[in-house]
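# Secondary and tertiary structure notes
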Amino acid sequence: MAMITTVQQHILQQQRDFSEASGTFSWLLSGITLATKMIEAKIRSAGLTDIYGSFGAQNVQGEQQQKLDVYANQALLHCLGLRDSVAALVSEEDEEPVTFDRSVDTGKYIIIFDPLDGSSNIDVNVNVGTIFSVHKRLTWGSLNESILQPGSKQVAAGYVVYGPSTVLVYTSGNGVHGFTLDNAIGAFVLSHEHMNMPEKGNYYSANDANQATWPDGYMSYIEELRGAGYSARYVGSLVADFHRTLLKGGVFLYPPNKHKAGGKLRLLYEANPLAMIAEQAGGMAVSGTQRILDIQPRDIHQRTPFMVGSKWEMEAFARATQG
């Protein structure tokens, strides 16, 4: 019989090298995996259970909520809210954090998440995902200060991509590891140990229909990649585009533009966790002016430009856009 390693087992095996890897932390992560398995099951049956389509309300971002957005958000809030180690849950879908009256000794963690990234694509059966970030609660200051920590302070980050197979990619600061959901046993099983982003790829991922609104240097960079034989790949679901970049190398770009000078993607829910994973896998992530993980957040729904990818492409990007 082949031996398997689940996410929780993997964390416990790493505990000698990672101070956060304890039974408490494993129990916390099990709340995330339970919620994402619930979301995965709902997505698989979406066409049969009237879960497609809009919910009829807008979220705090001013975006039309999909029924699956609401379900995914409620699943994560429920599964994580039951964990005593959680001090606050911060969702892209909610205007304010959900906080719990737990002491610093008990409520040690802040969980920040995008419950269903790319949900506008769900009706056409395109891959979607869940992104999450974990911070350690500060022993001083307000809970809000613990929430608004720079990405360099994350103790763990990950995402789940719901596709032909459901894959969880996770880092706790000791490399990047991938787990595939085995529905036969109901567990995420280690399938990609020590994932490394190739130093150079063959693809760029960007909505270059907006190129006329980009700052100087960005389009010349894309032209440089095209001249070097790069192909365009753009799904429009951040998790799917990032997952391909992690596996195949290359670069993903969501530049600032004339209409969104501060960028579109959310710093806390999207850019920070994916930047941590990229750096742990040997890649780089920047806002165009600085390292993503060095940005000091001002509010929970802050946006940022986001460029992430392999070392070669990111160094070429810096040369093209910064002279």
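Right above here is the structure, for reference.
In this report, the structure presented in the accompanying data block is examined. Note that the structure is predicted; figures quoted are calculated from it, not measured.

## Digging into the overall build of the chain
Along the chain, the regular secondary structure elements total eight helices and 17 strands. Scaling as 2.2 N^0.38, a compact globule of 323 residues should have a C-alpha radius of gyration of about 20 Å, and the chain matches this with 19 Å. Dimensions of the chain, computed from C-alpha atoms along their principal axes, come out at roughly 50 × 50 × 50 Å. Counting all 323 residues of the chain, 56% fall into the buried class. Within the chain, contacts between residues separated by at least 24 positions form 64% of all contacts whose residues are at least 6 apart in sequence. Roughly 13800 Å² of accessible area belongs to the chain as shown, and the carbon and sulfur atoms make up 48% of that amount. If the 25 positive side-chain charges of the chain are averaged to one point and the 32 negative ones to another, these points end up 3 Å apart.

## Topic: the packing of helix 6 (residues 238-248) against helix 7 (residues 267-280)
Taken N-terminus to C-terminus, the directions of helix 6 and helix 7 make an angle of 10°; their axes are 11 Å apart at the nearest point. Judged on the interaxial angle alone, helix 7 and helix 6 are roughly parallel. The handedness of the crossing between helix 6 and helix 7 is right-handed. Here Leu238, Phe242 and Leu246 of helix 6 lie close against helix 7, whose contacting residues are Glu270, Leu274, Ile277 and Ala278. Partitioning the contact of helix 6 with helix 7 into residue classes produces six nonpolar, no polar and one charged.

## Description of the nonpolar core
Counting 38 residues, the largest nonpolar core has Tyr159, Leu246 and Phe306 as its most contacted members. Elements represented by at least two residues in this core include exactly strand 3 (86-91), strand 5 (109-117), strand 7 (154-162), strand 8 (166-171), helix 6, strand 13 (251-254), helix 7 and strand 17 (306-309). If one sorts the elements of this core by residue count, helix 7 sits on top with eight residues. Once residues lying within four places of it in the same chain are set aside, the contact partners of Phe306 are Leu238, Phe252, Leu253, Tyr254, Leu265, Ala271, Leu274, Ala275, Ala285, Val286 and Ile292.

## Some thoughts on helix 7
Of all 14 residues in helix 7, 12 are buried; the element is thus mostly enclosed. Leu267, Leu268, Tyr269, Glu270, Ala271, Asn272, Pro273, Leu274, Ala275, Met276, Ile277 and Ala278 are the residues of helix 7 that are buried. In the segment just after helix 7, Gly282 is the residue with positive phi, at about 95°.

## Points about the pattern of salt bridges
Under the criterion given, the structure shown has seven salt bridges. In this structure, Glu92 and Arg266 form a salt bridge, with 3.1 Å as the shortest nitrogen-oxygen distance. Pair noted here: Glu92 is in the loop between strand 3 and strand 4 (98-99) and Arg266 is in strand 14 (residues 265-266), with a separation of 174 residues, a long-range link. Residues participating in the shared-partner salt-bridge network are Asp208, Glu223 and Arg226.

## Regarding the sheet that holds strand 11 (residues 203-205)
Read from one edge to the other, the open sheet built from five strands follows the order 12-11-13-17-15, with strand pairing classed as mixed. A single partner strand is all that each edge strand has here, and the edge strands are strand 12 (231-232) and strand 15 (284-286). Of the strand pairs in this sheet, strand 13 and strand 17 are connected by four bridges, and their pairing is antiparallel. By the bridge assignment, Tyr254 is partnered in strand 17 with Phe306. Here helix 5 (residues 218-227) sits on the sheet and contacts strand 11, strand 13 and strand 17; the angle it forms with strand 13, its principal contact strand, is near 155°. In the packing of helix 7 onto the sheet, contacts are made with strand 15 and strand 17, and the angle to strand 17 comes to roughly 20°.

## Quick look at the packing of aromatic side chains
Evaluated as defined, the whole model comprises five aromatic pairs. Among the aromatic residues, those joined into a cluster by ring pairs are Tyr218, Tyr221 and Phe317. Here Lys42 stacks its cationic end above the ring of Tyr71, 4.8 Å away from the centre of that ring. A cation sits over an aromatic face here: Arg102 above Phe100, 4.4 Å from the ring centre.

## Focus: the sheet that holds strand 5
Here eight strands make up an open sheet; going across it, the order is 4-3-5-6-7-8-9-10 and the pairing mixed. If you trace the sheet from one side to the other, it starts and ends with strand 4 and strand 10 (187-192), each paired once. In this sheet, strand 9 (residues 176-182) lies alongside strand 8 in antiparallel orientation, the contact comprising five bridges. Bridging from a neighbouring strand, Val167 pairs with Thr180 of strand 9. Each of strand 3, strand 4, strand 5 and strand 6 (128-136) touches helix 3 (residues 67-81); the most contacted strand, strand 5, lies at about 160° to it. Helix-sheet contacts for helix 7 involve strand 3, strand 5, strand 6, strand 7, strand 8 and strand 9, and the interaxial angle to strand 7 is about 100°.

## Quick notes on unusual backbone geometry
Even without glycine at this site, His194 takes up a positive phi of about 50°. With respect to the helices, strands and loops of the structure, His194 is situated in the loop between strand 10 and strand 11. Judged by relative accessible area, which is 46%, His194 ranks as partly exposed.

Rules behind the numbers
- Residues numbered from 1 in each chain as written.
- Predicted model: local features only at pLDDT ≥ 70, side-chain atom pairs only at ≥ 80, totals over all residues.
- Heavy atoms only, no water.
- Helix = DSSP H or I, 4+ residues; strand = E, 2+ residues; numbered from the N terminus.
- Rg over C-alpha atoms; globule rule 2.2 N^0.38 Å.
- Buried < 20%, exposed > 50% of the residue type's maximum accessible area, 1.4 Å probe, protein only.
- Contact = heavy atoms within 4.5 Å.
- Areas by Shrake-Rupley, 256 points an atom, 1.4 Å probe, with all protein chains shown as cover.
- Lys, Arg positive; Asp, Glu negative; His and termini not counted.
- Charge placed at Lys NZ, Arg CZ, Asp CG, Glu CD.
- Axes fitted to C-alpha atoms, helices over the stretch in contact; angles between N-to-C directions.
- Parallel < 35°, antiparallel > 145°, perpendicular 65-115°, else oblique.
- Left-handed = near helix turned anticlockwise from the far one by under 90°.
- Nonpolar A, V, L, I, M, F, W, Y, C, P; charged D, E, K, R; others polar.
- Core = buried A, V, L, I, M, F, W, Y, C linked by side-chain atoms within 4.5 Å.
- Salt bridge = Lys/Arg side-chain N within 4 Å of Asp/Glu carboxyl O.
- Pairing = 2+ DSSP bridges.
- Phe/Tyr/Trp six-rings, centres within 6.5 Å; stacked < 30°, edge-to-face > 60°.
- Lys NZ or Arg CZ within 6 Å of the ring centre and 35° of its normal.

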